[in-house]
Amino acid sequence: MKKLVMGVLAHVDSGKTTLSEGLLYLTGSIKKAGRVDHGNTALDTNEIEKSRGITVFSKQAVLSHGDLQLCLLDTPGHVDFGAEAERTLQVLDCAVLIISSLDGVQNHTVTLWNLLENYNVPTFIFVNKMDLPGADKSVVMSQLKKQFGNGCIDFSMEENDVFEEVSLFDEALMEKLLEDEKLSDDDISQLIFDRKIFPCFFGSALKMEGLDNFIDSVEKYTPTIQYPDKFGAKVFKVSYDGNDRLTFLKITGGSLKVKNSVPQIDKNGESHTEKVNSIRLYTGEKFKAEQELTAGSVCAVTGLNHTYPGQGLGAEQNSTESVLQAIFSYKVIFDEKYDVRTVLAKLRQLEEEEPQLRIVWNEQAKEIHLSLMGEIQLEIIKTLCQQRFGIDISFDAGSVLYKETIKTTVEGVGHYEPLRHYAEVHLLLEPGKPGSGLVFDTLCSEDKLDRNWQRLIITHLYEKTHIGVLTGSPITDIKITLVNGRAHLKHTEGGDFRQSTYRAVRNGLMQAESVLLEPWYDFEITVPNENIGRVMTDIQKMSGSFESPMQDGDSSTLTGSAPVSEINSYNSSLINFTRGKGRINLKFKGYFPCHNADEIIEKFAYDPEADLENTPDSVFCTHGAGFVVKWNEVKNKMHLESFLKEKKTVSEERPVRVSRRQVEQYYTSLEDDKELLKIFESTYGKIKTDKYLAMKTAPKEDAVKKNPNAQPYEKEYLLVDGYNIIFAWEHLKKIAAQDIEDARHKLANTLCNYRGFKKCEVILVFDAYKVKGNVGEISKYHNITIVYTKEAETADMYIEKVTHEIGRKHRVRVATSDGLEQIIILGHGALRLSASAFLEEIQEVEKAIREYLE
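Heads up: these notes are all about the structure in this document.

### With respect to the environment of Glu-424
- Mapped onto the elements, Glu-424 comes out in strand 25 (residues 423-431).
- Residue class for Glu-424 comes out buried when judged on its relative accessible area of 0%.
- Sequence spacing of Glu-424 and Met-638 is 214 residues, and the spatial spacing of their C-alpha atoms is 7.9 Å.
- Once residues lying within four places of it in the same chain are set aside, the contact partners of Glu-424 are Val-413, Gly-414, His-415, Asn-484, Gly-485, Arg-486, Phe-497, Ser-500, Met-638, His-639 and Leu-640.
- Separated by 3.0 Å, the side chain of Glu-424 and the backbone nitrogen of Leu-640 make a polar contact.

Here's what the structure looks like:
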């Protein structure tokens, strides 16, 4: 019997739990199908879920159908609990996305689709509520194809029609269909699990219509998954059943038995080994105790007290950070009769179950703060605290969750040396690309610091929510690289590196130029034509931006983006002045510079030097006693050389001055290259006809007097880190904010002019490492080469590889950001050309050309 784990996902009120209930009843797993509106379903068992009629917590149910054992994971559909749904995606073999026939593809539906794509989950689609008046299959299919692509195929068609549509996505299958006039189940299954096609089914979960065809197809078009023999498991949820701490996990290799010892590394990097006390196989709130389960099974275990969602056990790796992030922050308010430490401890327990809460204890203000996705989640937290702990809490009005980043590259130093302790850490902090989060790396030689200490430092970087120095908000979009460190053979302990690492981060942030970020929404607002002017004025007042409105009959639609703090409560105003005819859809866009940063910083009144839990200062030792050294004096006391100081002594290319002869050579050569001529004229204007041009020739190679002792000609290469340059040059950065493709195009054209003038080989490299299944692309664009890196390969990695290959035989220069981001290339003999120096060189060339033309 093949085992599969299927997630059930949908926008709220699309019939997700009803579908799960129907499948359980259809396969005989439950004797009677409950209803959400009656509060008697097998999966929504929590009193909060029953009273509100929505799923709040993900639930497990196991059913059997033919040769298939299917574990359903029913997930919350409300946007406030999107993070709970996302956590289940990391353990799914496939998913069913449910669409309401009348509502179609909604905002949160698109969010879920993007998450499924991000986690590479094969997806079936079930269009529900087809029994309702107004349900139209063709309309929904048209919308699905428009939103999600032509891979959405109606599997309720005749089999031959399904075969014909499926074959369009694979040439080999097209030929097979022509020869055999049919396709096998395995052929179709392979396309589904390669995410090339997405089977669509139609029915009514409440009336049990279409469910039999759906479950038959799931059995028919899913493969048997092979798992390794070595034990591995992925944790996706933690909850409590009374005093029992439950760890929900999927076994991804080998098997798990009661009393097995399971090693764990907690969030603080500490190692623990604990025994599994019991294994539970749940369906709703009921469970069956098991002595052993094999790979492919989803279960809950007791006895493991240091687990957390996203953690890998055994051979399984930890998951990356969640895509969905809380964007609102609230202060917790409670009666003085409750001890603050008790309240904090109970909230920490809830944080184990919902990591997005990010409970923060503000030592300066003696306040507890937490992060949430929205107001519904706020009410749920209040109810849970009252029901489970007997503590009544409330919240302040809340605000958006701000974040901080940096604009400059700095070296942070942390030194921790009280008596009989020792550790020094040097970290390079560099601005990251927007949306990149925190990236940790090491360039430190093992000759300077042992590998185990380096791993420990990286663990300490991961374990903590590092906060900025403007408002004390979490930092993001920064690359932090370990560049140097020192331990003492006798006195260094693990905790010493925790202290020095934290202090190094804070030390760097105090030196850097920081930027306050705030969350932004993309919006789509539809109103009667007479109201569109009012909406545009309102958006401008919010510091938002928008495209030209699109008119459709009596209504107009405006799309754009605006700060969450400004537009989040706009719906009530919109309904009021449009008399209920206006509607707004909001979708999280990301974090961008705060539109009223000075006002917010002043409001927070955060003093980074008074925050003793996040101190930027270091501790040194003299005459047998430790003493504190202020952050701005640490570099005068540190025991290791500054990394940036060392690297600045390495030769760095400066702009090359341009001769008139070079300009003339390039200008006259354009006659032979019509494509380059177009690019040239788009930059410098139309070339005026010169009746004497035919008489002019470029200087010949042999006309230049050569040194008989000169070395043979050495080919020159220029490698350009595309996105680093785009975001380092202000004029391209502004273009990229509107259209990244336009910025890439303008950079490529600039380099074409430069290449034609300089006669060096130019390779322009762009990151495409996050694109799933991307195999990389190298293409010729006029006279330069453009490279898009393959999946899991960054531009840094590609440039390092190419530099290593050609650096010994040819002269290689690398144009990158002003921060020393690709230091390692220098070891292969390449010269680094900073973004500012490269821009100066480009401008020198353009200036010379313009002067020549004049």
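### Observations concerning the pattern of salt bridges
- A complete count under the given rule lists 29 salt bridges for this structure.
- Among the salt bridges present, the one from Lys-288 reaches Glu-290, with a minimum N-O distance of 3.8 Å.
- Since its relative accessible area comes to 54%, Lys-288 is described here as exposed.
- For Glu-290, a relative accessible area of 17% gives the class buried.
- Linked through salt bridges whose partners overlap, the residues forming this network are Glu-84, Arg-87 and Glu-354.

### Focus: the environment of Leu-132
- Structurally, the position occupied by Leu-132 is in the loop between strand 5 (123-128) and helix 5 (137-148).
- Classification of Leu-132 as partly exposed rests on a relative accessible area of 34%.
- Note: C-alpha distance between Leu-132 and Leu-102 (30 residues apart in sequence) is 8.0 Å.

### Focus: the packing of aromatic side chains
- Tallying each qualifying case throughout the model produces 22 aromatic pairs.
- The interplanar angle of 45° and the centroid separation of 5.7 Å between the aromatic rings of Phe-248 and Tyr-282 together place this pair among those described as tilted. Residue Phe-248 is located in strand 9 (residues 244-253), and its partner Tyr-282 is located in strand 13 (residues 278-283); the two are separated by 34 residues in the primary sequence.
- Centroid distance Trp-453 to Phe-497: 5.0 Å. Interplanar angle 40°. Geometry classified as tilted. With Trp-453 in helix 12 (residues 451-463) and Phe-497 in helix 13 (residues 494-511), the pair connects residues that are 44 residues apart, well separated along the chain.
- Through a chain of ring-to-ring contacts, the aromatic side chains of Phe-124, Phe-126, Phe-155, Phe-201, Phe-214 and Tyr-221 assemble into a single cluster.
- The positively charged end of Lys-137 is found above the aromatic ring belonging to Phe-202, 5.0 Å away from the centroid.

Reading the values: the criteria
Residues numbered from 1 in each chain as written. Predicted model: local features only at pLDDT ≥ 70, side-chain atom pairs only at ≥ 80, totals over all residues. Heavy atoms only, no water. Helix = DSSP H or I, 4+ residues; strand = E, 2+ residues; numbered from the N terminus. Buried < 20%, exposed > 50% of the residue type's maximum accessible area, 1.4 Å probe, protein only. Contact = heavy atoms within 4.5 Å. Polar contact = N/O pair within 3.5 Å; in protein donor to acceptor, adjacent residues only side chain to side chain. Salt bridge = Lys/Arg side-chain N within 4 Å of Asp/Glu carboxyl O. Phe/Tyr/Trp six-rings, centres within 6.5 Å; stacked < 30°, edge-to-face > 60°. Lys NZ or Arg CZ within 6 Å of the ring centre and 35° of its normal.

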